[in-house]
Amino acid sequence: MKRVAVLGATGSIGGSTLDVIARHPDEFCASVLTAYRNVDALVDLCRTHRPQLAIIADPALESELARKLAAAGVPSGTAAGPAAITAAASSDLADVVVAAIVGAAGLESTLAAARAGKRLLLANKEAIVMAGPLLLAAVKAGGGMLIPLDSEHNAIFQCLPQDWPLAQDSNAPDGPRAVRRLILTASGGPFRGWTREQLQAVTPDQACAHPNWRMGRKISVDSATLMNKGLELIEAHHLFGMPADAIDIVVHPQSLVHSLVEYADGSLLAQLGLPDMRTAIAGALAWPARMTSGVGSLDLAACGTLGFEAPDRQVFRCLDLATAALRAGGDSPAILNAANEIAVAAFLSGTLPFLGIADVVESVLAELPGQAVVDVATLHERDATARATARRIVQHAC
Ligand code: NAD
Ligand code: MG
């Protein structure tokens, strides 16, 4: 029996993970579930999945959690606070850790799971964008394994040779010569084909209405700005040790081809399937075996044409900002990520227009040139500085 800690259990990835686990009760159990502030949702999940430990990130809510679990007759232990989540990620309670917290808030627990040698199923792309080399070094030192859940990276993971040195030092040479290029597919989001004029007054609900995927609101906005693809470019660079020049991005509105690997001989291997994260999650839990995920068959004749086009980098400027941050190196990707988290939160709360997201990120990157990444503590300081800078710029923009 493999015990799985689901960090961010009340979210979209968390829910899909628990759905897959529940289909395989003889092989997997959810041993730790965590949530940010939604006590009732966490209690509901505990009622169904009976974890050993339930953790709420906001310490003020622990007594409410304990009371409601007791009232529901659920014997799970309780804990609270970010440090408790980090401790659980490296504890004996879990063999597998699903990093599905959104944003930089997931960095410490992701690193802890890596250091402890867990099988780390990484959805929390912000962690690897912020701290790629540190995270990969932690995976190496811990002796565990990182399997990406992000659908594009999971697709590439499936299409690469099995002995590909995943999670290696990203400063290593350009990767084995057998691979020429990685191609990340992007849906284009809800505003594909729109002009800047049309984007001026779009609302958070419009931005979160993704055509193919049901996801949390932060990643949905990132998909609408194409920052998501920019973050994924950085993620792919770190995970697969490929330079930015060898990672292409193509818009594929149907979201059925999840990404591709081009080999030196001209072969392109792609992974296809319905847009449902349970495929990636089941594959990563069972790897190197396969198991059912609850995802149905893709009827190719019914879906008809598969379309591909270049992204519109003039309108969706976040893609080039992320590419520039990757090329600048050092902690520029962490600065980009922090600025984006603040800008997206401001957009979602109605204080920043949609097009302002790229402007804020650009201004923060211009104010804070990249510095070498020394350690996690310094990274947190830079993250905090970038957030403060972004908040100031947002305030002036309003
Ligand atoms: P979500 O908003 O649905 O869920 C986020 C989870 O994190 C929730 O359980 C929430 O309680 C928890 N959380 C939020 N802030 C927290 C904090 N400060 N401390 C502790 N816990 C906190 O998000 P999601 O769509 O499930 O995405 C999760 C991560 O996976 C993101 O990094 C996202 O980019 C990535 N991802 C998601 C998808 C998808 O299909 N949803 C696909 C690829 C990658
Ligand atoms: Mg993705």
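That block above? That's the structure.
For clarity, every value in this text was computed on a predicted model and none was experimentally measured.

Turning our attention to the environment of Ala301. Within the secondary structure, Ala301 is located in helix 13 (residues 300-303). Along the chain, Ala301 and Ala339 lie 38 residues apart, while their C-alpha atoms are 43 Å from each other.

Our next topic: the coordination of the magnesium ion (ligand 2). Each protein donor to the magnesium ion (ligand 2) is listed here as Asp150 (OD), Glu152 (OE) and Glu232 (OE); together their distances run 2.1 to 2.2 Å. Counting the intervening residues between successive donors of the magnesium ion (ligand 2) yields the motif D-x1-E-x79-E. With Asp150 in the loop between strand 7 (145-148) and helix 7 (151-159) and Glu232 in helix 11 (residues 227-240), this residue pair connects regions lying 82 residues apart in the sequence. For Glu232, a relative accessible area of 1% corresponds to the buried category.

Residues Val96 and Val98 line one face of strand 5 (residues 96-99) and the alternating positions Val97 and Ala99 line the opposite face, and both faces are buried. Here strand 1 (residues 2-7) runs beside strand 5; their pairing, made up of four bridges, is parallel. Within the sheet, the bridge partner assigned to Ala5 lies in strand 5 and is Val97. Where strand 5 meets strand 6 (residues 119-122), four bridges bridge the pair, whose relative direction is parallel. When the bridges of strand 6 are listed, Val97 appears paired with Leu120. Between the parallel pair strand 5 and strand 6, the chain is carried across by helix 5 (residues 107-115), and the sense of this crossover is right-handed.

Sheet architecture is open: four strands sit in the order 9-8-10-11, paired in mixed fashion. Only two strands of the sheet have a single partner each, and these edge strands are strand 9 (247-251) and strand 11 (268-272). Going from strand to strand, the sheet's axes swing by 20° on average, the running direction of each strand aside. Against the sheet, helix 11 contacts strand 8 (179-186) and strand 9, and its axis sits at roughly 150° relative to strand 8.

This part covers the site of ligand 1. Taken together, 22 residues sit near ligand 1, with Thr10, Ser12, Ile13, Glu126 and Gly216 positioned nearest. Ser12 places a main-chain nitrogen or oxygen 2.9 Å from an oxygen atom of ligand 1. Within the backbone of Tyr36, a nitrogen or oxygen atom sits 3.0 Å from an oxygen atom of ligand 1. Considering ligand 1 on its own, with 820 Å² of exposed area, one finds that the protein chains cover 87% of that surface.

Counting across every chain of the model gives four aromatic pairs. Plain terms: the ring middles of Phe157 and Trp287 are 6.0 Å apart, the flat faces sit at 55° to each other, and that makes the pair tilted. Residue Phe157 is located in helix 7, and its partner Trp287 is located in the loop between helix 12 (278-286) and helix 13; the two are separated by 130 residues in the primary sequence. What makes Trp287 partly exposed here is its relative accessible area of 25%. Here the aromatic cluster, defined as three or more aromatic residues joined through ring pairs, consists of Phe191, Trp194, Phe347 and Phe354.

With that settled, consider the packing of helix 14 (residues 318-328) against helix 15 (residues 332-348). At a minimum axis separation of 7 Å, helix 14 and helix 15 run at an interaxial angle of 150°. Here helix 15 runs roughly antiparallel to helix 14, going by the angle between their axes. Touching Leu321, Ala322, Ala325, Leu326 and Ala328 of helix 14 are Ser332, Pro333 and Leu336, all from helix 15. Grouping the amino acids of the contact of helix 14 with helix 15 by side-chain chemistry returns seven nonpolar, one polar and no charged.

Following the sequence through the fold, Asn340 ends up in helix 15. Judged by relative accessible area, which is 0%, Asn340 ranks as buried. Beyond its immediate sequence surroundings of up to four residues, Asn340 is in contact with Lys218, Asp222, Met227, Ile357 and Val361.

Procedures and definitions
Starting afresh in each chain, residues are numbered from 1 along the sequence in its written order. Each chain takes a letter, starting from A, and each ligand takes a number, starting from 1, following the order in which they are written. Owing to the predicted nature of the model, reporting of local features is limited to residues with pLDDT of at least 70; listing and counting of side-chain atom pairs is limited to 80 or more, with chain, interface and lining totals taken over all residues. Only hydrogens and water are removed before side-chain values are computed, so all heavy atoms of the structure are retained for them. Secondary structure is summarised from DSSP: a helix means a run of H or I of at least four residues, a strand means a run of E of at least two, and numbering begins at the N terminus for each. Here the term donor refers to an N, O or S atom within 2.8 Å of the metal (or 3.2 Å for Na, K and Ca), and because water is left out of the atoms, sites may appear incomplete. Burial classification: accessible surface area is computed with a 1.4 Å probe over protein chains only, and a residue below 20% of its type maximum counts as buried, one above 50% as exposed, and the rest as partly exposed. The pairing criterion for strands is at least two bridges between them, as found by DSSP. Whether a crossover is right-handed depends on one test, that the path from the first strand over the helix to the second runs clockwise when the strands point away from the viewer. Every axis in this analysis is a line fitted to C-alpha atoms, fitted for helices over the stretch in contact. Angles between the N-to-C directions lie between 0 and 180 degrees. Here a residue-residue contact requires only that any non-hydrogen atoms of the pair lie within 4.5 Å. By convention in these notes, a residue is near a molecule or strand provided one of its non-hydrogen atoms lies within 4 Å of it. In the analysis that follows, any N or O atom pair within 3.5 Å is treated as a polar contact, provided that within protein one partner can donate a hydrogen and the other can accept it, and provided that, for residues neighboring in sequence, both atoms belong to side chains. Per-residue and other accessible areas follow the Shrake-Rupley method at a 1.4 Å probe size, with only the shown protein chains counted as cover for residues. Working definition: a ring pair exists when centres of Phe, Tyr or Trp rings (six-membered ring for Trp) sit within 6.5 Å. Plane angles under 30 degrees give stacked, over 60 give edge-to-face, the rest tilted. Roughly parallel covers angles under 35 degrees, roughly antiparallel covers those over 145, roughly perpendicular covers 65 to 115, and oblique covers all other angles. Note on residue classes: Ala, Val, Leu, Ile, Met, Phe, Trp, Tyr, Cys and Pro are nonpolar, Asp, Glu, Lys and Arg are charged, and everything else, Gly too, is polar.

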